[in-house]
Amino acid sequence: MLPAPHLNRRRLLAATLAAGAAPAFLRRALAADRPRFELGVASGFPRPDGMVLWTKLTGDGLAERVEVRWELARDEGFRDIVARGSEPAEAAWGHSVHAEPAGLEPGRWYFYRFEALGTRSATGRTRTAPAADAAVPLSFAIASCQRYDHGRYAAWRQLAGEPLDLVLFLGDYIYEYPSSPLAPRQHEAGYTRTLADYRARYATYQRDPQLQAAHAAFPWLLVWDDHEVENDYAGLQGNRLQTDFAAQRAAAYQAYWEHLPFPRALRPRLDVPGAEMRIYGAHDWGRLARILTLDDRQYRDPQACPKPGNGGSNTVALKDCPTLADPRRTLLGETQERWLAQAWTADKPWNLLAQQTLMARFAWSDPAGADAGRYWTDGWDGYAPARQRLLAQVAERRLGGAVVLGGDVHTHYVADLKADFGDPRAATIATEFCGTSISSQGLEQARLDAARGFNPHIRYARADQRGYVGFTLGPKQLDARLMVVADAWDAASRVDIAARFTVEAGRPGAQAA
């Protein structure tokens, strides 16, 4: 119970405000009693001289525009402050804050915090990327698919305690569905359709303390997948073929930017149908690696051979769906494909391609059989000629350190990427690590086991594991740890290393360690 003087003060403030006669200092005092940084803090997009610092004001009674002060220091006690500033948090953009300090030292750690309306945020830790000529290692993790009502976030708790430099989040930050009434924890409402719906859904996820800890511990680079908008959407087509999908997509894109540490320059354009937000780009880590982030949703062609009366994915036999082999179809869009063809670098030992889903072919029946193999149409198997174009670039450029990183399919996959998946003797030209989900449920393991024989290039496949993948990258070797949660519904669950793999620079293909 609060002490009586505090209770009396609260009653006095409330009564004075109700009478409409509160002086400014009393209004500020009451504002300071409200949770103003309830969704935590985050950072992202590290550059050699800066990064993005993010937070979002919460609570009622916010003005249309509120000034939010930020500080960045070399020490956690903020005795050595190196940058400070103020950013407007505007109601039109969800009172989000995207501060961008610049002129910082490359390759070092900093601490940051925010203050507004008499309250101070939690402290976050972030870092700058190395200088362009620096040869320093990179410790990072990939994560994806954190459906709130499918489990608790022991994976985030474990990841937040690792000595990482960077987190790559590869899509499905929220899910748009209503929850089963039997789920131990619930989404706050039904399907997300409006800006208010999406804002409320992000708030449900970001109140989780384990997720907040992971955001506060490291800078992130993020890409979206489908569930940030709607399952299996493709460009401006929803999976229900609804006529109002452009407005829904615009609301979803706006909420995505509002709730995550993206630069102001990437704020979505709302003056075009469905909005537009460029999330693909190139990010260098000194002389060691280039990280290429892709967008496989905004510009794609609709999925081939959908179920009657619907958009979205299907699993079909190749012989029954010749559209799968149409070379004109694209997953990335022509503009992004051309950009990627120029964005690979041969000046660094590693190119890390951070994208949404499994790139390796995965046939659910024998490709040599009567049906020519069955394939899921939402992933790269639904756009095989586009995949072939991408992998041909890697082969032609002789990029021996090309590593594809993915999520989406709620399965730990490790795979060899080949120019011809139908030829077991074909050379491996890149390596793939597709991480399982933080919490979203996966397929039955028996289904994967039954199909493994049709896919000899798959080195590891486990759909019954939740977790993430941790990596240590040096100039000569990439080490990977496949992390798995023992109990997805226990926030304090043990998290173990299920398998280890290594990749040597210049020698594509993962080797069990």
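Thresholds, definitions, all that
One numbering rule holds for all chains: residues counted from 1, following each sequence as written. At least 70 in pLDDT is required for a residue's local features to be given in this predicted model, at least 80 for side-chain atom pairs to be given and counted, and no such filter applies to totals for whole chains, interfaces and linings, which use all residues. The side-chain quantities take in all heavy atoms of the structure and omit both hydrogens and water. Strands are runs of DSSP state E lasting at least two residues, helices are runs of H or I lasting at least four, and both sets are numbered from the N terminus onward. For this measure, only C-alpha atoms enter the radius of gyration; the expected value for a globule follows 2.2 Å times N^0.38, where N is the number of residues. Using a 1.4 Å probe on the protein chains alone, a residue whose accessible area is under 20% of its type maximum counts as buried, one over 50% counts as exposed, and one in between counts as partly exposed. Contact between two residues is taken to exist if any of their heavy atoms lie within 4.5 Å; hydrogens are not considered. What sets the accessible areas is the Shrake-Rupley method with a 1.4 Å probe; for residues, cover comes only from the shown protein chains. None of His or the chain ends enter the tally, which takes Lys and Arg as positive and Asp and Glu as negative. Charge positions come from single atoms, namely NZ of Lys, CZ of Arg, CG of Asp or CD of Glu. Should DSSP find at least two bridges between two strands, the strands are regarded as paired. Fitting a line to C-alpha atoms yields each axis, with helices limited to the stretch in contact; the angle taken between N-to-C directions then spans 0 to 180 degrees. Left-handed describes a crossing whose near helix is turned anticlockwise from the far helix by less than a right angle; the clockwise case is right-handed. Lys, Arg, Asp and Glu make up the charged group, whereas Ala, Val, Leu, Ile, Met, Phe, Trp, Tyr, Cys and Pro make up the nonpolar group; the residues left over, Gly among them, are polar. Take the residue count of a helix, subtract one, and multiply by 1.5 Å to get its expected span. In predicted models, pLDDT denotes the confidence assigned by the predictor to each residue on a 0 to 100 scale. Under this definition, polar contacts are N or O atom pairs within 3.5 Å; protein pairs additionally need one hydrogen-donor-capable and one acceptor-capable atom, and for neighbouring residues in sequence, both atoms have to be side-chain atoms. The salt bridge definition used is simple: a Lys or Arg side-chain nitrogen within 4 Å of an Asp or Glu carboxyl oxygen. We call a pair of cysteine sulfur atoms a disulfide when they lie within 2.5 Å.

Chemist: Looking at this structure, how should I read the overall build of the protein chain?
Modeler: Per the secondary structure count, the protein chain includes 9 helices and 24 strands. Relative to the 2.2 N^0.38 estimate, which gives 24 Å for 513 residues, the radius of gyration of the protein chain is 24 Å and therefore close to what a compact globule would have. Overall size of the protein chain, expressed as C-alpha extent along the three principal axes, is 80 × 55 × 45 Å. Put simply, the protein chain has 513 residues, and 57% of those count as buried. For the protein chain, contacts bridging at least 24 residues in sequence account for 69% of all contacts bridging at least 6. Summing over all exposed atoms, the protein chain offers an accessible surface of approximately 20,200 Å²; the carbon and sulfur share of this is 52%. Where the 61 positive side-chain charges of the protein chain centre and where its 60 negative ones centre are 3 Å apart.

Chemist: Would you mind showing me how to read the pairing of strand β15 (residues 350-354) here?
Modeler: Across a regular strand the side chains alternate sides, sitting on one face of the sheet and then on the other. Counting buried positions along β15 gives 5 out of 5 residues, so the element sits mostly inside the fold. Residues Trp350, Leu352 and Ala354 of β15 are buried on one face, and the alternating residues Asn351 and Leu353, pointing to the opposite face, are buried as well. Of the pairings in the sheet, the one linking strand β13 (residues 289-293) to β15 comprises 5 bridges and is parallel in character. Looking across to β15, one finds that Ile291 is bridged to Leu352. Direction of pairing for β15 relative to strand β17 (residues 402-406): parallel, over a ladder of 4 bridges. Residue pairing in the sheet places Asn351 in a bridge with Ala402 of β17.

Chemist: What am I meant to see in the environment of Ala446 here?
Modeler: Turning to its location among the elements, Ala446 is positioned in helix α9 (residues 445-451). Separated by 228 residues in the primary sequence, Ala446 and Phe218 have C-alpha atoms spaced 37 Å apart.

Chemist: Help me out: how do you make sense of the sheet that holds strand β21 (residues 467-473) in this one?
Modeler: In space, the 10 strands of this open sheet follow the order β5-β2-β1-β11-β10-β9-β21-β22-β23-β24, with mixed pairing throughout. In this open sheet, the two strands that pair with only one neighbour each are β5 (96-99) and β24 (507-512). The average angle at which neighbouring strand axes cross in this sheet is 30°, direction not considered. Across 9 bridges, strand β22 (residues 477-485) lies against strand β23 (residues 495-504) in antiparallel orientation.

Chemist: Looking at this model, I keep getting lost on the packing of helix α4 (residues 195-206) against helix α6 (residues 245-258). Mind explaining?
Modeler: Two measures define how a pair of helices packs: the angle their axes make with one another and the distance between the axes. For the pair α4 and α6, the least separation of the axes is 8 Å and the interaxial angle reads 35°. Taken as a pair, α4 and α6 cross one another with a handedness that is right-handed. Mapping the contact onto sequence places Leu195, Tyr198, Arg199 and Tyr202 in α4 and Gln248, Ala251, Ala252, Gln254, Ala255, Tyr256 and Glu258 in α6. When its residues are assigned to classes, the contact of α4 with α6 shows 7 nonpolar, 2 polar and 2 charged.

Chemist: Explain α4 to me, please; I cannot follow it from the model alone.
Modeler: An α-helix turns once per 3.6 residues; consequently, residues spaced three or four apart project the same way. A rise of 1.5 Å per residue sets the reference length of α4, with its 12 residues, at 16 Å; its end C-alpha atoms lie 16 Å apart and thus fit the reference within 8%. What α4 keeps buried is the set Tyr198, Arg201, Tyr202, Ala203, Thr204, Tyr205 and Gln206. Looking at the packing, one finds that the buried side of α4 touches β2 (50-56), α5 (209-217) and α6.

Chemist: Got a minute to help me understand the confidence of the model for the protein chain in this structure?
Modeler: Regions with low pLDDT should not have their predicted coordinates read in detail. Across the protein chain, pLDDT averages 94, with 94% of residues at or above 70. Across residues 1-23 the pLDDT falls below 50, and counting only partners more than four positions away or on other chains, this stretch makes 17 contacts in the model. Counting interchain partners and residues more than four positions distant, the pLDDT-below-50 stretch residues 25-31 has 13 contacts.

Chemist: Mind showing me how you'd approach the pairing of strand β6 (residues 109-116) here?
Modeler: Buried residues dominate β6, accounting for 6 of its 8 residues. Two elements, β6 and strand β8 (residues 124-127), share 4 bridges in a ladder whose sense is antiparallel. Bridging across to β8, Tyr110 finds its partner in Thr126. Of the pairings in the sheet, the one linking β6 to strand β7 (residues 119-120) comprises 2 bridges and is antiparallel in character. Its bridge partner lying in β7, Glu115 is registered against Arg120. Connecting β6 to the next strand, β7, in antiparallel fashion are 2 residues, including Leu117 with a positive phi near 55°.

Chemist: I'm lost on the environment of Thr330 in this one. Help?
Modeler: By the secondary structure assignment, Thr330 is in the loop between β14 (315-317) and α7 (334-343). The buried category is assigned to Thr330, whose relative accessible area is 7%. Spatially, the C-alpha atom of Thr330 lies 40 Å from that of Glu87, the residues being 243 residues apart in sequence. In this structure, Thr330 is in contact with Arg300, Asp301, Glu337, Tyr383, Ala386 and Arg389, ignoring residues within four places of it in sequence. Within the local environment of Thr330, its side chain forms a polar contact with the backbone nitrogen of Leu332, the two atoms lying 3.2 Å apart.

Chemist: Looking at this structure, how should I read the pattern of salt bridges?
Modeler: What the rule picks out here adds up to 39 salt bridges. Residue Arg389 is joined to Glu337 by a salt bridge in which the shortest nitrogen-to-oxygen separation is 2.9 Å. Of this pair, Arg389 sits in helix α8 (residues 384-397) while Glu337 sits in helix α7, and the two are 52 residues apart along the sequence. Judged by its relative accessible area of 27%, Arg389 is partly exposed. The class for Glu337 is buried, based on a relative accessible area of 16%. Put simply, Asp381 and Arg387 hold a salt bridge, and the shortest N to O gap is 2.8 Å.

Chemist: Help me understand the state of the cysteines in this model?
Modeler: A covalent bond between the sulfur atoms of two cysteines is what we call a disulfide. In the structure shown here, the tally under the stated rule is 1 disulfide. Here Cys145 stays free of any disulfide, with the sulfur of Cys434 as its closest cysteine sulfur at 8.4 Å. The buried category is assigned to Cys145, whose relative accessible area is 0%. Take Cys434: its relative accessible area is 0%, and that puts it in the buried class.

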